[in-house]
Each structure stands twice: as structure tokens, then as C-alpha cells.
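An overview of the molecular structure
Here is how the chains run, residue by residue.
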Amino acid sequence: MRGWRAYSGPVPLSPDEYREPLAHAVQHASDWLNSVPSRRVRPRDTIDQLESAFALDLPEGPTAATEVVDELARLAKPGLMAIGSGRFFGWVMGGTLPAALASDWMVSAWDQNNGLRYATPATAAIEERAGAWILDLLGLPAESSVGFTTGGTMANFVGLAAGRGAVLETAGWNVNRDGLTGAPKVTVLAGAEVHSSVELVLRYLGLGEPVLVAADEQGRMRLDALAEALDTISGPLILALQVGNLHSGAFDPLREAIRMAHSHGAWVHVDGAFGLWAAASPRWGEALDGLNTADSWATDAHKTLNVPYDCGVAIVARAGAAQSALTAHTSYFIRDDAGIADPMDRVPELSRRARGIPVWAALRSLGRSGVVSLVEGLADNARSLADGLSLIPGAEVLNDVVFTQVCVAFGSDERTRAVTQALINDGVVWMSGSRWAGRDVMRISVSNWSTNAADVATSIDAVARAVASL
Ligand SMILES: *Cc1c(COP(=O)(O)O)cnc(C)c1O
């Protein structure tokens, strides 16, 4: 009789083999996290040094798991950026909330391939709940499809893929069956300061470059320019709006832009990678008026919500439009009888980790009031940083600080670049160099839940020191 045989390879395994490496991982992770509040932000070593540290040829044979974990922690540490630091303001990143991090570990331990409700009911149910909470918090249509993607880029992909299919269907073209060759041309309108990920996704979707609509001095789409653009375009149309400009934090004028676009039959997608969370707070109620009238929205959980990488959220008002673009048809998926969309019908991937679980945990631990405090706190810290920095001789805050983003210049482009470099070399704080409104800027993004008043004061001092060092 052919029986089931236990694995007996070169590394004898038993369930107990997890215990020690996991215990070591907890220790290393705690050591790292405990060092973050007081350590320099920038990595100590360069990529060249890290490549040397990891130059080991593939070993001929096995190494004990605990030894691997210890070696990893030891070798990686000098090359880690303290992105979780309250003094890290680079790009738009964010740290990780304790409940989100701990539950992310559970996601790995459970190792659920969260594609089918039938096969992985616990993680599917938790993600469905997390999705419902997000719609509730942000005031978006309750029947929307919510999918957990790798990030904002793929969340933009989902919204724009759904939009592409829908506007072509209206034009009498089935893109799923007939592809794009010979299809009516789909025009995509986007603001002049559209995020590069939207342009990237349009390339994935075969839609080419968007037609750019002029923006005002804060980077918001101009309604007069939109009206002009709409007048010149006929045929299938998608409008990509933005909630949270990378440099100014500004929001596009939603209600009017969406109304105008809809009257031309357009699909309206909103890229709110970090800014969509403002909808949780009444503070931005007026600025975001009309948000819920769009057709799709993209956001990140790994930025403003502070869950670990990687996690984006793709929301599509007409769930059927998302499913039409994303559902895979094969014989070997056993589908849930209720006909409800499976996790894999809401995102581009088939196999994936249950990355919505840390979102559930973050929201469960914060509650509604905690999310509001988190988002408002980030914006308050941005305001305090802008106020403090504007007192530094020669510093000029270039944007209206309406959310979490601040752009500062220090005279000439050359001088601004020098201040940013001096600040990064100093290491107490990280702020990114960028270019906006025709000038080099030092850009600050307040995205970390743990940034406190002391971090803000220390950071202002560090910038003043960098300026004085020139
Ligand atoms: C970060 C960002 C994106 C892309 O999100 P990823 O998570 O990096 O894929 C898109 N739009 C805006 C405005 C962003 O800030």
C-alpha cells in the first residue's frame, strides 16, 4: 500500500522547529523597534557596504533557521533606514502601528493564500469587514468593491482598468474579448501634477499618455482648463483626479470636476494614495465635498494608515465593473455559492497574502476616533513643522499647508539642495529633496503615527543646524 510518508530531507523538520527562530525574530524585531526612537534615521552603511556584507556565495548545504535569522538581523541592521522613526519625513511613507505589525506576523504564520472565500474563509471575511469599515470611514458607497493590492500603484490600476472596460462597453466595445486593437480611442484626462504611478498604470493598460489639464499654483486641477479640455474631446473618456498632491497636499476640486466629467460620460477615478484618509475627518469635509460621487478610488494603507508594507486599497463603486476587469476564468477555482466576489476578483493578483488583515487590525485598534486623531495629528504636525521652519532665516514655505505635505526652499536651488544634503548627512532627520513649481525644494511628508512634539522640535532644530552649517 502506498502510504503518506513524512518528509525526511536533509533538514529534519518538526512543527516545533518554528519556535526558536520565531523567538529570535521577536527579539531582533523588538531590539530594532526599541532603537528607532533614538537612532539616526539614515542607514549607517552604503549599498556597496551592504552588498559586501551579503556577498556570501550560495551555501552548499543547509544552515539552521535560528542561525539564519540571527545572521540576517546582524548583517542588515547597518543598512536599515529608520522609516518608522518619528523624524522620518521622506517621500510619503509612514510607520507601522503595533496592532498592524503584530497581525502582519500572524498573516505570515497563517500563510493563507487569500484568493477564494471558500478556501480561506477567515482571511476573506476579515478583509471584507476591513473593506466595509474603510467605506464607512471615508463615506464611500457601501456597495463598492474593495480589494487589497500591493500599493497605490496597483490600486490605481484597478480603478483605471475598471474604467477602461466600462467606457469602452458604453461605446459598444468589449475589451475583454476584443482587446484594444481597433477599439475606439479612450482619452484619459489627468491634472498637470498627476502622480507618476497613474501614468505608469496607463501604460500597463495600453492607454498611453494622459492629456494633461492645467493646474493652479497649489497643483490642483483648474476647472476652466478641464471645461476647455472636455469641450474638445469626444468618445470614451476617463478623468483621473487627485486627492493629496505630493508636494502641496492639495485636493482637486471634486464635486464640480466629477459633475462636468460625468456629463461627458466619463469614468472618474481618484488617486488618493495618502490623501483619501482625510475623508475620515470632518476637518476636510468641504475640501473633499463630492468625493463619493466618483467611480473609483485608490489609496494606500501603508502610508497614512500606518500598516506595514505592502498594502494598497482599490475601491470601485460599481463592483461589477471591477469584477469584469479582474475576474479570472478557469475551471479549478471552486467559487462561493452565493455568487459574491472572491478576494481575487477585486485585485490583479491570483495568489497573494492576506494583506488586508493588518488594515483590519489598525482600524480595530484605532476605532473611528483613533483614525480621525491619526490623520488630524499628521496634519497638525505638518503645520507645526511649517511654522517652525518658516522662522529659520532664509527659509520659505512654498505651499499652503492643507494636509501632511510641506515644501520649503532656502533661497537658490543650489542652496536648497545643499541644506537638504547637510540635513541628511547630519542624520537626526530625513527630509527628501524634490522639485516643485519650478524650484528645488526640501519636501516634508508627515506620515508617521509616532511623530510627536519632541520630534517636531528636534527636526526644526536639525534643519536650522543644517542651514547654519553652510
Ligand atoms: C505613493 C503614491 C502613489 C503610489 O503608491 P504606491 O503605494 O507607492 O504604489 C500614487 N499616488 C500618490 C499621490 C502617491 O503619493
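The coordinates are above.
A brief report on the enclosed structure follows. All figures in this text were calculated on a predicted structure; none of them were measured in a lab.

Procedures and definitions
- Residues numbered from 1 in each chain as written.
- Predicted model: local features only at pLDDT ≥ 70, side-chain atom pairs only at ≥ 80, totals over all residues.
- Heavy atoms only, no water.
- Helix = DSSP H or I, 4+ residues; strand = E, 2+ residues; numbered from the N terminus.
- Buried < 20%, exposed > 50% of the residue type's maximum accessible area, 1.4 Å probe, protein only.
- Areas by Shrake-Rupley, 256 points an atom, 1.4 Å probe, with all protein chains shown as cover.
- Lys, Arg positive; Asp, Glu negative; His and termini not counted.
- Charge placed at Lys NZ, Arg CZ, Asp CG, Glu CD.
- Core = buried A, V, L, I, M, F, W, Y, C linked by side-chain atoms within 4.5 Å.
- Contact = heavy atoms within 4.5 Å.
- 1 Å grid on protein atoms, 1.4 Å probe; cavity = no way out; pocket = protein on both sides within 12 Å on 5 of 7 lines; lining within 4 Å.
- Points joined across faces, edges and corners; volume = space filled by probe spheres on them.
- Nonpolar A, V, L, I, M, F, W, Y, C, P; charged D, E, K, R; others polar.
- Domains from an automatic or database assignment.

Helix and strand counts for the protein chain stand at 14 helices and 11 strands. On the principal axes, the C-alpha backbone points of the protein chain span a range of 75 × 70 × 45 Å. Considering the protein chain as a whole, with its 470 residues, one finds that 50% of them fall into the buried category. Only carbon and sulfur atoms are counted for the fraction: they give 55% of the accessible area of the protein chain, which is about 21,800 Å². Within the protein chain, the 52 negative side-chain charges are centred at a point lying 1 Å from the centre of the 37 positive side-chain charges.

Another point: the nonpolar core. Of all hydrophobic cores here, the largest spans 85 residues; its most connected members are L305 and V359. No other element matches helix α12 (residues 357–390), which puts 13 residues into this core. Those residues in contact with V359 that lie beyond four places of it in its chain are A130, I134, F148, A301, L305, V307 and C311. By size, the runner-up hydrophobic cluster in this structure holds 30 residues, among which are L168, V188, I238 and A322.

Turning to the layout of surface pockets, a few remarks are in order. Put simply, the largest pocket is a space of about 1,400 Å³. If you go around the largest pocket, you meet 43 residues; those closest to its centre are A29, W32, L33, L101 and W105. A per-element tally of the lining of the largest pocket places helix α1 (residues 19–35) first, with 9 residues. When the residues that make up the lining of the largest pocket are grouped by side-chain class, the tally is 26 nonpolar, 11 polar and 6 charged. Mapped onto the domain boundaries, the lining of the largest pocket takes at least three residues apiece from domain 1 (16–82) and domain 2 (101–362).

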